[in-house]
Amino acid sequence: MGTAQSQQQAAPGAFAAFARFVLCGGGVGLASSFAVAGLAAWMPWAVANALITAVSTLLATELHARFTFGAGGRATWRQHTQSAGSAAAAYAVTCLAMLVLQQLVAAPGAVLEQVVYLSASALAGVGRFVVLRLVVFARNRSRTAAAVRPVPATVAHAAAPAAPAALCHAA
């Protein structure tokens, strides 16, 4: 009887969800930055970033479904697909940031590369949080939309008395 209810957790507020997002997504992102740096020693940086982005997106989407946004279980294929779209945008942001760095600094050191990569990842992460919260893991979109729908004007006017004179005669 309570199985369906126990599966559904209460959605955390925006601040709590953002704190969880930073912990889960930030932890995965930090580990990813070191993994990208390690793989980039053996392959082109963009390829290493693409591989790590794919793996980290799968892991982070599961963490966000279970903990960050209180979905109460594993992420669905739809959520993975939508999350991958936001990750692709984040991938583009990090690649662009690294490309700009390579154009501005002839031989950037590992620390500067990490600072630029993590800064670009943080910027992209804020955008991902918004997309994941409002689109990917949004709950009851159809019910919320129906509840927020304005009352048609004809219904609002039908409840009002026809004329002020009717009120005087009723008294």
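My aim in this report is to walk through the structure given alongside it, one point at a time. (Residues numbered from 1 in each chain as written. Predicted model: local features only at pLDDT ≥ 70, side-chain atom pairs only at ≥ 80, totals over all residues. Heavy atoms only, no water.)

1. Details of the pattern of salt bridges
Counted under the stated rule, the structure contains 2 salt bridges. When the shortest N-O distance is used, the salt bridge between Arg-66 and Glu-62 registers 3.4 Å. Within this pair, Arg-66 and its partner Glu-62 are both found in helix H3 (residues 45–68), separated by 4 residues, close to a single helical turn. Judged by its relative accessible area of 36%, Arg-66 falls in the partly exposed class. With its nearest N and O atoms 3.7 Å apart, the salt bridge here joins Glu-62 to Arg-74. A residue pair is termed long-range when its members are at least 10 positions apart, and Glu-62 in helix H3 and Arg-74 in the loop between H3 and helix H4 (77–104) qualify at 12 residues. Owing to a relative accessible area of 63%, Arg-74 belongs among the exposed residues under this scheme. Counted as one network, the salt bridges with shared partners bring together Glu-62, Arg-66 and Arg-74. (Salt bridge = Lys/Arg side-chain N within 4 Å of Asp/Glu carboxyl O. Helix = DSSP H or I, 4+ residues; strand = E, 2+ residues; numbered from the N terminus. Buried < 20%, exposed > 50% of the residue type's maximum accessible area, 1.4 Å probe, protein only.)

2. A few points about the packing of H3 against H4
Closest axis-to-axis distance for the H3/H4 pair is 9 Å, and the angle between their directions is 145 degrees. The element H3 and its partner H4 pack so that their crossing is right-handed. Taken together, the residues of H4 that come into contact with H3 (itself represented by Trp-45, Ala-46, Asn-49, Ala-50, Thr-53, Thr-57, Leu-58, Thr-61 and Glu-62) are Gln-79, His-80, Ser-83, Ala-84, Ala-87, Tyr-91, Thr-94, Cys-95 and Met-98. Grouping the constituent residues of the contact of H3 with H4 by class yields 9 nonpolar, 8 polar and 1 charged. (Axes fitted to C-alpha atoms, helices over the stretch in contact; angles between N-to-C directions. Left-handed = near helix turned anticlockwise from the far one by under 90°. Contact = heavy atoms within 4.5 Å. Nonpolar A, V, L, I, M, F, W, Y, C, P; charged D, E, K, R; others polar.)

In short, shape yes, function no, at least from these values alone.
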